[in-house]
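Here's the letter readout for the chains.
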Amino acid sequence: MKHLKTSIKLSIVFIIVCGLIYPLVLTGVGQVFMNSQANGSLIYVNDKVVGSKLIGQEFTSDMFFHGRPSTINYNTTTTESTTFETGSTADAANSSKLTSSVESRINKFLAENPTVARHNLPASLFTESASGLDPDITLQGAEVQIARVSKATGISRVDLIKYINESKESVSPSGETLINVLQLNIKIAEALKMI
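These figures come from a predicted structure and were not determined experimentally. (Residues numbered from 1 in each chain as written. Predicted model: local features only at pLDDT ≥ 70, side-chain atom pairs only at ≥ 80, totals over all residues. Heavy atoms only, no water.)

**Observations regarding the overall build of the protein chain**
As a reminder of what qualifies: Counting from the N terminus, the helices are DSSP H or I runs at least four residues long and the strands are E runs at least two residues long. Whether two residues are in contact is decided by their heavy atoms, any of which lying within 4.5 Å being enough. Calculation of accessible area relied on Shrake-Rupley with a 1.4 Å probe; when residues are assessed, cover is drawn exclusively from the protein chains displayed.
Scanning the protein chain for helices and strands turns up seven helices and five strands. Counting helices and strands in the order they occur from the N terminus, the protein chain gives α-α-β-β-α-β-α-α-α-β-β-α. For the protein chain, the proportion of contacts with a sequence separation of at least 24, taken over those separated by at least 6, is 56%. Accessible area of the protein chain: about 12300 Å², with a carbon and sulfur share of 59%.

Take a look at the structure:
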């Protein structure tokens, strides 16, 4: 009986420490020292959340820069349930399905961007990231879209290059400069007085 009482007391102590005190302390530390990151690195426009720096969105209009393709269309919930899903296809590099998919994306891109030569296309614009939620494109991926966006919006190439430089996010493990597509497109929307 003595062991049972000790076990119950220890269980209550651990529930209080591990289930209440520890999470509250970590939440408090996160809110005080890393508020933006703890709250999802949200991006606000006019005090309204428009997205996160960490999760991509689909842009299809010629007026905006397009991000990487996403098998899940940047939607983490399925229509059948409320479970969360991420990820790209598991097709091997020599898969005919992958080859066909990439070729289709390249042809669509070249039709939308007729001034771009096929040999100047970065592979990252046509292949999915591992998560399917990648918010960034490479600097080259942004540069090959400048002519289309400039023509569709009337914004000069010089201004678009400035917006791209202001949207530099980080450097990838392979050493490429990454551009946050949402932040870049917000600059375009602001220049066009859309927001």
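Having seen it, we continue.
**Points about the sheet that holds strand E5 (residues 177-180)**
The condition that has to hold: Should DSSP find at least two bridges between two strands, the strands are regarded as paired. In this description, a line fitted to the C-alpha atoms serves as the axis of each element, helices being fitted only across the stretch in contact, and the angle between N-to-C directions of two axes falls anywhere from 0 to 180 degrees.
Reading across the sheet, the three strands line up as E3-E5-E4 and stay open at both edges, with antiparallel pairing between neighbours. Bordering the open sheet on either side are strand E3 (136-138) and strand E4 (168-171), each of which pairs with just one other strand. On average, each strand axis in the sheet is tilted by 35 degrees relative to the strand beside it, whichever way the strands run. Pairing between E3 and E5: three bridges, direction antiparallel. When the sheet's bridge partners are listed, Asp-136 is paired in E5 with Asn-180.

**A short note on the UniProt feature "transmembrane region" (unreviewed entry) in the protein chain**
What counts is decided by this rule: UniProt positions are given in the numbering used here, feature names are shortened, and annotations may be inferred rather than shown by experiment.
Per the UniProt annotation, the sites labelled "transmembrane region" (unreviewed entry) are residues 12-34. From the first C-alpha to the last, residues 12-34 spans 31 Å; its make-up is 96% helix and 0% strand.

**Things to note about the packing of helix H5 (residues 146-153) against helix H6 (residues 157-166)**
Let me state the cut-off plainly: For this classification, under 35 degrees means roughly parallel, over 145 means roughly antiparallel, 65 to 115 means roughly perpendicular, and everything else is oblique. The crossing is said to be left-handed when, going from far helix to near helix, the turn is anticlockwise and less than a right angle, and right-handed when the turn is clockwise. Gly counts as polar in this scheme, as do all residues outside two lists: the nonpolar Ala, Val, Leu, Ile, Met, Phe, Trp, Tyr, Cys and Pro, and the charged Asp, Glu, Lys and Arg.
At their nearest, the axes of H5 and H6 sit 10 Å apart, and the two run at 120 degrees to each other. In this view, H5 runs oblique relative to H6, as classed from their interaxial angle. The crossing of H5 and H6 is right-handed. Facing Ile-146, Ala-147, Val-149 and Ser-150 of H5, the residues of H6 in contact are Arg-157, Leu-160, Ile-161 and Ile-164. For the contact of H5 with H6, the class distribution of residues is six nonpolar, one polar and one charged.

**Here we look at helix H3 (residues 96-112)**
Stated precisely, the cut-off is as follows: To estimate how far a helix should reach, multiply one less than its number of residues by 1.5 Å. Accessible area is worked out with a 1.4 Å probe on protein chains only. A residue is then buried under 20% of its type maximum, exposed over 50%, and partly exposed in between. Working note: the arc is built from the helix axis to C-beta atom directions.
Between its first and last C-alpha atoms H3 spans 24 Å; for 17 residues at 1.5 Å apiece the expected length is 24 Å, and the two agree. Within H3, burial applies to Val-102, Ile-106, Phe-109 and Leu-110. Down the axis of H3, the smallest arc covering the buried residues is 95 degrees, so these residues share one side. Among the exposed residues of H3, those oriented more than 90 degrees off its buried face are Ser-96, Lys-97, Lys-108 and Ala-111.

**Structural notes on the nonpolar core**
Side chains of nonpolar character tend, in soluble globular proteins, to be buried together. Threshold: To qualify as a nonpolar core, a set must consist of buried Ala, Val, Leu, Ile, Met, Phe, Trp, Tyr and Cys residues joined through side-chain atoms within 4.5 Å.
Phe-65, Phe-109, Leu-121, Phe-126, Leu-160, Ile-164 and Ile-188 are the most contacted members of the largest nonpolar core, which has 29 residues in total. Counting residues per element, the ones that place at least two in this core are strand E1 (42-45), H3, H5, H6 and helix H7 (181-191). For this core, the element with the most residues is H7, which contributes six residues. Contact partners of Ile-164, with chain neighbours within four places excluded, come to Phe-65, Leu-139, Ala-142, Ile-146, Ile-179 and Leu-184.

**Digging into the pattern of salt bridges**
Spelled out, the test is: For this analysis, a salt bridge means a side-chain nitrogen from Lys or Arg found within 4 Å of a carboxyl oxygen belonging to Asp or Glu.
Under the counting rule described, the total for this entry stands at four salt bridges. The salt bridge involving Arg-68 is made with Asp-134; its shortest N-O contact spans 3.2 Å. In this pair, Arg-68 sits in the loop between strand E2 (48-52) and H3 while Asp-134 sits in the loop between H3 and E3, placing the two residues 66 residues apart along the sequence.

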